[in-house]
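Notes for the structure review
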Amino acid sequence: MKKTATDTATKKPSPIGPLVRVRGLKKHFPIRRGLFSQVAGVIKAVDGVSFDLAQGKTLGLVGESGSGKSTLGRVMLRLIPATSGGVLFDGLDLFSLPNQELRALRRRMQIVFQDPVSSLNPRMTIGATVGEPLRIHRAASRSAIRERVAELLERVGLPASAMNRYPHEFSGGQRQRVGIARAIALNPSFIVCDEPVSSLDVSVQSQILNLLADLRDEMNISYLFIAHDLAVVRHFCDDVAVMYLGKIVELAPAERLYEKPAHPYTQALLQSAPSPDPQERHRHATVSGEVADPIHPPRGCAFHPRCPFATEECRRVEPKLESKKGLADARLVACHYAENDLNFADAIQSSG
Ligand code: SF4
């Protein structure tokens, strides 16, 4: 029998196969100019992204600003429409679901935003904010909502009395806890965490990451965890995807990616992460130049203008994201020379 969104909205089945399956996802924004708003070009913010995410697992999505990470997260949740491609959520085709079924399914898909200040309504009490999804989805009676909100606040490390206060009375870390309490209110299966710790102090970052990890283990939640800093996601993710100009350039189990990054851009990102060790600092090679103009992306490999290994082939032929026999692990890389043991830091130092 065909599964419907309503069947899956209230319970958390263990899906056979991945919980989320993304295939060939594209989001292109037209650029309009002139008196009649003619289309003068397109920004390919997300350009043919595919991956699977299993129940209870975390995929880190990393890249510089403008790489398309946040747009990808929003398109996956249907907060903005996709240009093409598809997302299967627990076997249901998210983009062809009628609104009513999508609404039912939304209970299981949530988002935690980067900025806990602007994501909370300053005029709503914390209790009203956290209880809002319960009210919208008619998930509990009025008195039960109060009880559930108290429970949720305590679960994220805030006192139940916080429900009568307003966002401005809390620190950044506490406000992010409120955002997380709201996101888990409906017992979701999947949460897009859109740079949830980027605006927080380092000590607070690790507290929030620990909280998210505990919730994942307890509630069997899958996360798409967006970050611009590879160091942040190091111990938190099962797999990591590195994005550059709307495409994934490397996708690997986290341990393998940090041990031996294969794509020059992944190596550059790891190299540019700040180190607390002053001895280490001088060895850091940073990726030079800016992310290319997404309206006019470079031909061939989009990373070639910044890559010390670029050849004529790189300037002409776009590399596919694929497994490489020579790498002998489960990773996918989009680089013509990924099997050649490329070393970005050495190449930058010898060219400098
Ligand atoms: Fe560098 Fe060429 Fe690999 Fe692109 S394909 S990352 S330009 S070596």
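Going along each chain's sequence as written, the residues are numbered from 1 onward. pLDDT decides what is reported in this predicted model: residues at 70 or higher carry local features, side-chain atom pairs at 80 or more are listed and counted, and totals for whole chains, interfaces and linings draw on all residues regardless. Side-chain metrics rest on all non-hydrogen atoms present in the structure, leaving aside hydrogens and water.

Strands qualify as paired when DSSP identifies two bridges or more between them. Helix and strand assignments follow DSSP, with helices taken as H or I runs no shorter than four residues and strands as E runs no shorter than two, numbered in order from the N terminus. In spatial order, the strands read S6-S7-S8-S3-S9-S10-S11; together these 7 strands make up an open sheet with mixed pairing. Pairing within the sheet leaves two strands with one partner each, and these edge strands are strand S6 (109-112) and strand S11 (332-333). With 4 bridges connecting them, strand S3 (residues 58-62) and strand S9 (residues 239-244) associate as parallel partners. Considered in S9, the bridge of Val62 is made with Val242. Should any heavy atoms of two residues lie within 4.5 Å, those residues are considered in contact. To obtain each axis, a line is fitted to C-alpha atoms, and for helices this fit is confined to the stretch in contact; angles are then taken between N-to-C directions over 0 to 180 degrees. Where helix H2 (residues 69-76) meets the sheet, it contacts S3, S6, strand S7 (190-194), strand S8 (222-227) and S9, and its direction lies at approximately 150° from that of S8.

In this section: the site of the ligand. Proximity criterion: a residue is near a molecule or strand once any of its heavy atoms comes within 4 Å of it. Residues in contact with the ligand amount to 13 residues; listed here are only the nearest, Cys301, Cys307, Cys314, Cys335 and His336. Class assignment of the residues belonging to the shell around the ligand gives a composition of 10 nonpolar, 3 polar and no charged. Each residue is assigned to one class: nonpolar for Ala, Val, Leu, Ile, Met, Phe, Trp, Tyr, Cys and Pro, charged for Asp, Glu, Lys and Arg, and polar for all the others, Gly among them.

The relation between two aromatic rings is expressed through the spacing of the ring centres and the mutual angle of the planes. Working definition: rings of Phe, Tyr and Trp (its six-membered ring) pair if their centres are within 6.5 Å, and the pair is stacked with planes under 30 degrees apart, edge-to-face with planes over 60 apart, and tilted otherwise. With the rule as written, the count across this model stands at 6 aromatic pairs. Both a distance and an angle decide whether a charge sits over a ring: NZ of Lys or CZ of Arg must be within 6 Å of the ring centre and within 35 degrees of the ring normal. The residue whose ring lies beneath Arg216 is Phe236, and the NZ or CZ to ring-centre distance is 4.7 Å.

This part covers helix H6 (residues 172-184). Because an α-helix packs 3.6 residues into every turn, residues spaced three or four apart end up facing the same way. For a helix, the expected span equals 1.5 Å multiplied by the residue count minus one. Under the 1.5 Å per step criterion, the end-to-end length of H6 is 19 Å for 13 residues, consistent within 8% with the ideal 18 Å. Exposure is judged per residue with a 1.4 Å probe applied to protein chains only, and the accessible area is read against the type maximum: over 50% gives exposed, under 20% gives buried, and values in between give partly exposed. Of all 13 residues in H6, 11 are buried; the element is thus mostly enclosed. Every buried residue belonging to H6 is among Gly173, Arg175, Gln176, Arg177, Val178, Gly179, Ile180, Ala181, Arg182, Ala183 and Ile184, and all of these are buried. Where the residues of H6 are buried, they touch S6, helix H4 (126-136), helix H5 (142-155), S7 and helix H7 (202-219).

A separate point is the environment of Ile126. Note that Ile126 resides in helix H4. On the basis of relative accessibility, which here comes to 0%, the residue Ile126 falls in the buried class. Linking Ile126 and Ala139, residues 13 residues apart in sequence, is a C-alpha distance of 18 Å. Apart from the residues lying within four places of it in its own chain, the contact partners of Ile126 are Leu153, Ala162, Met163, Arg165, Tyr166, Pro167, Phe170 and Val178.

Domain parsing of the protein yields domain 1 (16-237) and domain 2 (257-352). Start and end positions for the domains come from either an automated domain assignment or a database one. Each of domain 1 and domain 2 has a C-alpha centre, and the two are 29 Å apart. Listed as interface residues are 13 residues of domain 1 and, on the opposing side, 12 residues of domain 2. When two components associate, each loses some accessible surface as probed by a 1.4 Å sphere; the sum of these losses over both components is called the buried area. Interface of domain 1 and domain 2: buried area, both sides summed, is about 1,100 Å²; carbon and sulfur atoms make up 65% of it. It is Glu64, Leu230 and Arg234 that lose the most area in domain 1 upon contact with domain 2, and together they represent 52% of the buried surface on that side. For this analysis, a salt bridge means a side-chain nitrogen from Lys or Arg found within 4 Å of a carboxyl oxygen belonging to Asp or Glu. In this assembly, domain 1 and domain 2 are joined by 1 salt bridge. The salt bridge partner of Glu64 is Arg306, with a shortest N-O separation of 3.1 Å. Counting of polar contacts relies on pairs of N or O atoms within 3.5 Å, with two restrictions inside protein: one atom must be capable of donating a hydrogen and the other of accepting it, and residues adjacent in sequence are counted only when both atoms are side-chain atoms. The interface formed by domain 1 and domain 2 includes 4 residue pairs in polar contact (both at pLDDT 80 or more). Listed by contribution, the elements that provide at least two residues to the side of domain 1 that touches domain 2 are strand S2 (38-53) and helix H8 (230-233).

Within this structure, the stated rule accounts for 19 salt bridges. Here Asp52 and Arg23 are joined by a salt bridge, their closest N and O atoms 2.9 Å apart. Of the two residues, Asp52 is situated in strand S2 and Arg23 in strand S1 (residues 20-33); the sequence distance between them amounts to 29 residues. Between Asp341 and Lys260 there is a salt bridge, with the nearest N and O atoms lying 2.7 Å from each other. Taken together, the residues span a long stretch of sequence, with Asp341 in the loop between S11 and helix H13 (344-351) and Lys260 in the loop between helix H9 (254-259) and helix H10 (264-272) at a distance of 81 residues. For Asp341, a relative accessible area of 57% translates into the label exposed. Within this structure, Glu250, Arg256, Glu259, Asp329 and Arg331 form a network of salt bridges that share partners.

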